[in-house]
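An overview of the molecular structure
As a plain string of letters, each chain reads:
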Amino acid sequence: MGGRFLSIGECMVELSQADDGHLRKGFAGDTFNTAWYARACLPADWSIDYFTALGDDAMSDEMAAFMGSAGIGTANIRRLRGKTPGLYMINLKDGERSFSYWRDSSAARQLAADGDALRAAIEASDVLYFSGITLAILPREDAYTLLAELRRAKAIGKVVAFDPNLRPRLWSSLDAMHTLIADGARASTLVMPSFDDEAAHFGDDSISSTIRRYHQYGANMVVVKNGPEGATIGSDAEETLVPAVKVGKVIDTTSAGDSFNGGFLAHYLQHGDPIAAAAFAAEIAAKVIQEYGALVSPKKLKIA
Ligand code: ADP
C-alpha cells in the first residue's frame, strides 16, 4: 500500500559551466533533490509532491513543468504575482567549486505565508519532509506556522523527517539557527543530520553527542550521515553504524546527503527497517557521487 509524500522547501534555478564555457541551466535544491530520489526509489502507488512557492514568470513555469515531468506533483505550489524563483551558480576554478546565490527575494520565501494552504497540503499527506534550509529562508512567523502544522502531523502519528542542513549564512544569527533547528527536531519523528555540519556548528565531539542532542530535542530516531564512514542510526538507546559503499572515484558529491535521505525514506517507508534502509541509501548515494550534478537519472541509479 502506497502513501502520499510531501517535501517542503525551495527549488532553485541552477547555472553551471559547461566545458565550452556556456552556462547550463538546471533545477535543484536540497528538499527537491530528496523528493527526486524518493520518486526514483518508491513504487508508483506512492505519490510525491513538492510544496513551495513560485512566481508567474516563464522560469517558474519551466521549473514546475520539470517537476511534473519527473513525476513530482505540483498541485500544491503557490504562484505569486511578480515573483521569480531563486537562482544559484556553480563556479569552477582550478577544480574547486564555489557557489553564488541570488535567493534573497525568491518566491519560495513566502511558501508558508498562506497558513490554510499549508495546513491543507500537510493534512492531505502521510509523510512530510523539510530541512533547516526550509526554516532558514522563511520569515520567523511563517517558520512557526510551518512547525506548528508539522507538530500536529507528528502528534497524529505521521512520519515527519527533517534534515537540519546547517547553513549559518542563511540565518540572521547562530542563536536563531540553534533555536529553530531544535524546534525543527521537536516537530520531527526522524532527524537526518550530517556529522561534519553538526560538529562545526553545534560543537558535537562525537556522533553519539549528535544523536543524544537530537533525541533531547524530541526526535524519535536520528540517522547521522558521515561521508565515507557511513551512517549511524540512533534509536531506543541503541546505535548502529551502517557502512558506506566503497567508491573507486568520487566525481561530484553534490546531493550525497539529499539522495541518501531520499533512498533511506523510500526504503524505510516500505519496509520499516532503518538498518536495511541505511544500507539501501548508501548504495543510492554511492551511485550519485559517481555522476555529475545534483539529480542523477533513475536509469543510472539502476534500482533493483
Ligand atoms: P552531506 O552531503 O549531507 O554532507 P555526507 O557527506 O555525510 O552528507 O554523505 C551522505 C552519504 O553519502 C553518506 O552517508 C554515504 O553513504 C555517502 N557518501 C558520501 N561520501 C562518500 C564517499 N566518499 N564514499 C562513499 N559514500 C559516500
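Conventions and cut-offs
Residues numbered from 1 in each chain as written. Predicted model: local features only at pLDDT ≥ 70, side-chain atom pairs only at ≥ 80, totals over all residues. Heavy atoms only, no water. UniProt positions renumbered as here; feature names shortened; annotations may be inferred. Helix = DSSP H or I, 4+ residues; strand = E, 2+ residues; numbered from the N terminus. Rg over C-alpha atoms; globule rule 2.2 N^0.38 Å. Buried < 20%, exposed > 50% of the residue type's maximum accessible area, 1.4 Å probe, protein only. Contact = heavy atoms within 4.5 Å. Areas by Shrake-Rupley, 256 points an atom, 1.4 Å probe, with all protein chains shown as cover. Lys, Arg positive; Asp, Glu negative; His and termini not counted. Charge placed at Lys NZ, Arg CZ, Asp CG, Glu CD. Pairing = 2+ DSSP bridges. Axes fitted to C-alpha atoms, helices over the stretch in contact; angles between N-to-C directions. Disulfide = S-S within 2.5 Å.

For the chain, the name recorded in an unreviewed UniProt entry is 2-dehydro-3-deoxygluconokinase, with Rhizobium lusitanum as its organism. According to its UniProt record, the chain has this under Sequence similarities (unreviewed entry): "Belongs to the carbohydrate kinase PfkB family."

Some words on the overall build of the chain
Check the secondary structure of the chain and you find eleven helices and 15 strands. Against the 2.2 N^0.38 benchmark of 19 Å for 304 residues, the chain shows a C-alpha radius of gyration of 18 Å, consistent with a compact globule. Each of the three principal axes of the chain carries a C-alpha extent, and together these read 50 × 45 × 45 Å. Relative to its 304 residues, the chain shows a buried fraction of 54%. In the chain, the share of contacts with a sequence separation of at least 24, taken over all contacts with a separation of at least 6, comes to 67%. Of the roughly 13,600 Å² of accessible surface on the chain, a fraction of 51% belongs to carbon and sulfur atoms. Charged side chains in the chain number 30 positive and 38 negative. The centres of these two groups are separated by 2 Å.

Thoughts on the sheet that holds strand β3 (residues 23–28)
The four strands lie next to each other as β3-β2-β8-β9, forming an open sheet whose pairing is mixed. Looking at strand neighbours, the two that pair on one side only are β3 and β9 (96–102), the edges of this open sheet. Neighbour-to-neighbour, the strand axes of this sheet turn through a mean angle of 25 degrees, independent of strand direction. Two strands pair when backbone bridges link them, and strand β8 (residues 87–93) and β9 are joined in this way by seven bridges, in the antiparallel orientation. Looking at β9, one finds that lysine 93 is bridged to glutamate 96. Contacts from helix α2 (residues 58–69) reach β2 (12–17) and β3 within the one sheet, and its direction differs from that of β3 by about 60 degrees.

A closer look at the state of the cysteines
For the structure on display, the rule yields zero disulfides. Cysteine 11 forms no disulfide, and the closest cysteine sulfur to it belongs to cysteine 41, at a distance of 18 Å. On the basis of relative accessible area, cysteine 41 is assigned to the buried category, the value being 10%.

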